[in-house]
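Residue-level structure breakdown
One-letter residues, chain by chain:
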Amino acid sequence: MATITRENIGLLNDKLTVNLSKEDYYTGFEQSLKKYAKNANIPGFRKGMVPAG
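The paragraphs below set out a description of the structure included in this document. All values reported here derive from a predicted model rather than from experimental measurement. (Residues numbered from 1 in each chain as written. Predicted model: local features only at pLDDT ≥ 70, side-chain atom pairs only at ≥ 80, totals over all residues. Heavy atoms only, no water.)

Applying the stated rule across the entire model yields 1 aromatic pair. Both rings, one in Tyr 26 and one in Phe 29, keep their centres 6.2 Å apart while their planes meet at 35°; by these two values the pair is tilted. Of this pair, Tyr 26 and Phe 29 are both found in helix α1 (residues 22-39), 3 residues apart, which corresponds to roughly one turn of the helix. Accessibility expressed as a relative area gives 32% for Tyr 26, which makes it partly exposed. Over the ring of Tyr 26 we find Lys 22, and its NZ or CZ is 4.8 Å from the ring centre. (Phe/Tyr/Trp six-rings, centres within 6.5 Å; stacked < 30°, edge-to-face > 60°. Helix = DSSP H or I, 4+ residues; strand = E, 2+ residues; numbered from the N terminus. Buried < 20%, exposed > 50% of the residue type's maximum accessible area, 1.4 Å probe, protein only. Lys NZ or Arg CZ within 6 Å of the ring centre and 35° of its normal.)

The structure is reproduced here in structure tokens:
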């Protein structure tokens, strides 16, 4: 779960710190990667058959 920390460093300035774990974003990342791989056109690979790496 993401944690957000707010630190007051001046009258008009704050510092926000966001800590993420891999589980927070990895499923969306994998889905986006698969979507890009299906649309990628790289010489030597059939369209839609590009390896994710």
